[in-house]
Amino acid sequence: MEEKDILILAIESSCDETAAAVVRNGREVLSNVIASQIALHTQFGGVVPEIASRKHMEQINQVIAGALKEAGVSLSDITAIGVTYGPGLVGALLVGVAEAKAIAYAAKKPLIGVHHIEGHVAANFITNYPGCGSDGISEKVSGVSGNPSVQPKLEPPFVCLIVSGGHTHLVIVKDYGEFEIIGRTRDDAAGEAFDKVARAVGLGYPGGPKVDRAAREGNPHAIEFPRAKVEGAPYDFSFSGLKSAVLNYINRAKMAGEAICVPDLAASFQNAVVEALVSRAVLAAKEYGYDKLAIAGGVASNQALRAAMAKACKENSLCFYYPAPVLCTDNAAMIGAAAYYEYQKGTRHGWDLNAVPNLKLGER
């Protein structure tokens, strides 16, 4: 190992995934271990914060040990410890933060707190899926399993659409860790709308992947749902009205005794969400003068969104970037990538680092 290499041991526990990873030089993932709690929370129809926190405590030591073992390194090889400290569930965050502080103190390593959403953006620095002039969506992974044969090409500045269960932001990534928010949701996040619609039609939790799967068998033009626009804010989103329209459609059908075609409903709903996301993201890239557009967050793994964004970017001469599906949902590799660039800028946190459940993007 060369002396110039910077190895980040990263920890992520903001919601219901206990994750740890070792990332080299911000781009190469040596390990990415994730202990998911989806099966545990499915029976409740969503994440139960108390259960999530308890499970993090049970799993975090084994997950970290697994990440170090898979990477073939020891704590003495690690340069710094990176950890998500917000936003997220406060109890879940506290488990990761306390663990990171303990390891950093004991091993005498620098401690770097990372914004969870900054981590999602940084996932695009790990994998290399540029869609410049390409028709299809490639799913070849580079840099996820320690293979640096194809170096990622995405560098700031660029426009990034961040879409998850709790966030829908449109940002300009001016530099590593430097963001300007130009659009956001005024009510429900896109992922939240997916979960609520999935629950309403009986698809269950987690809603995003299940709606995406059902929509592949449906007609996206079968039902015309509304596309909300925010007056005076062309880059902002609103999904509450769309969600209400879907719920009203379901209630009317039930009252009239009519059968609901779930695939058609899922496809029509998803089409409305995707159209809103893609149109605003492409508009922002063009009007702000950027030729690179990336997506991030859990909903970024949605196949319809990826396909529509790739098509729109090709038509508008934009380079489209997106992470591997495993890097869209919560994971520690993305936190390690973000922590690397924070480390390079000189960011260090003290032993008073605490969980900040409502941490805003750009705050420190």
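Chemist: I'm lost on the side chain of lysine 292 in this one. Help?
Modeler: Along the chain, lysine 292 turns up in strand 9 (residues 292–296). This buried residue, lysine 292, is left without a salt bridge; aspartate 291 holds the nearest opposite charge, at 5.3 Å. At a separation of 2.7 Å, a polar atom in the side chain of lysine 292 contacts the main-chain carbonyl oxygen of glutamate 155. When residues no more than four places from it in sequence are discounted, the contact partners of lysine 292 are Leu154, Glu155, Pro156, Pro157, Phe158, Val159, Cys319 and Tyr321.

Chemist: I tried to follow the sheet that holds strand 5 (residues 111–115) on my own but got confused; where do I start?
Modeler: Strand pairing in a sheet is mediated by backbone hydrogen bonds. Such pairs are either parallel or antiparallel. If you walk across this open sheet you meet the 5 strands as 3-2-1-4-5, and the pairing is mixed. If you trace the sheet from one side to the other, it starts and ends with strand 3 (28–36) and strand 5, each paired once. Shown here is a sheet whose adjacent strand axes are inclined to one another by a mean of 20 degrees, direction ignored. Where helix 3 (residues 90–107) meets the sheet, it contacts strand 1 (7–12), strand 4 (80–86) and strand 5, and its direction lies at approximately 160 degrees from that of strand 4. On the sheet, helix 11 (residues 333–345) packs against strand 1, strand 2 (17–24), strand 3, strand 4 and strand 5 and is oriented at approximately 130 degrees with respect to strand 1.

Chemist: Would you mind going over the environment of histidine 120 with me for this structure?
Modeler: Counting through the fold element by element, histidine 120 comes out in helix 4 (residues 116–122). The exposure class assigned to histidine 120 is buried, which follows from its relative accessible area of 2%. Placed 108 residues apart in sequence, histidine 120 and alanine 228 show a C-alpha to C-alpha distance of 26 Å. What histidine 120 contacts, discounting residues up to four positions off in sequence, is Ala296, Gly297, Gly298, Cys328, Thr329, Asp330 and Met334.

Chemist: Please explain the pattern of salt bridges as it appears in this structure.
Modeler: Think of it this way: side chains of opposite charge can pair up when their charged atoms draw near. Per the counting criterion, the structure on display carries 12 salt bridges. In this structure, aspartate 236 and arginine 186 form a salt bridge, with 2.6 Å as the shortest nitrogen-oxygen distance. Residue aspartate 236 is found in the loop between helix 6 (207–215) and helix 7 (240–255), and its partner arginine 186 is found in the loop between strand 8 (178–184) and helix 5 (190–200); the two are separated by 50 residues along the sequence. With relative accessibility at 9%, the residue aspartate 236 sits in the buried group. Shared partners join several salt bridges into a network, and the residues in it are Asp188, Glu192, Lys196 and Lys243.

Cut-offs applied
Residues numbered from 1 in each chain as written. Predicted model: local features only at pLDDT ≥ 70, side-chain atom pairs only at ≥ 80, totals over all residues. Heavy atoms only, no water. Helix = DSSP H or I, 4+ residues; strand = E, 2+ residues; numbered from the N terminus. Buried < 20%, exposed > 50% of the residue type's maximum accessible area, 1.4 Å probe, protein only. Lys, Arg positive; Asp, Glu negative; His and termini not counted. Salt bridge = Lys/Arg side-chain N within 4 Å of Asp/Glu carboxyl O. Polar contact = N/O pair within 3.5 Å; in protein donor to acceptor, adjacent residues only side chain to side chain. Contact = heavy atoms within 4.5 Å. Pairing = 2+ DSSP bridges. Axes fitted to C-alpha atoms, helices over the stretch in contact; angles between N-to-C directions.

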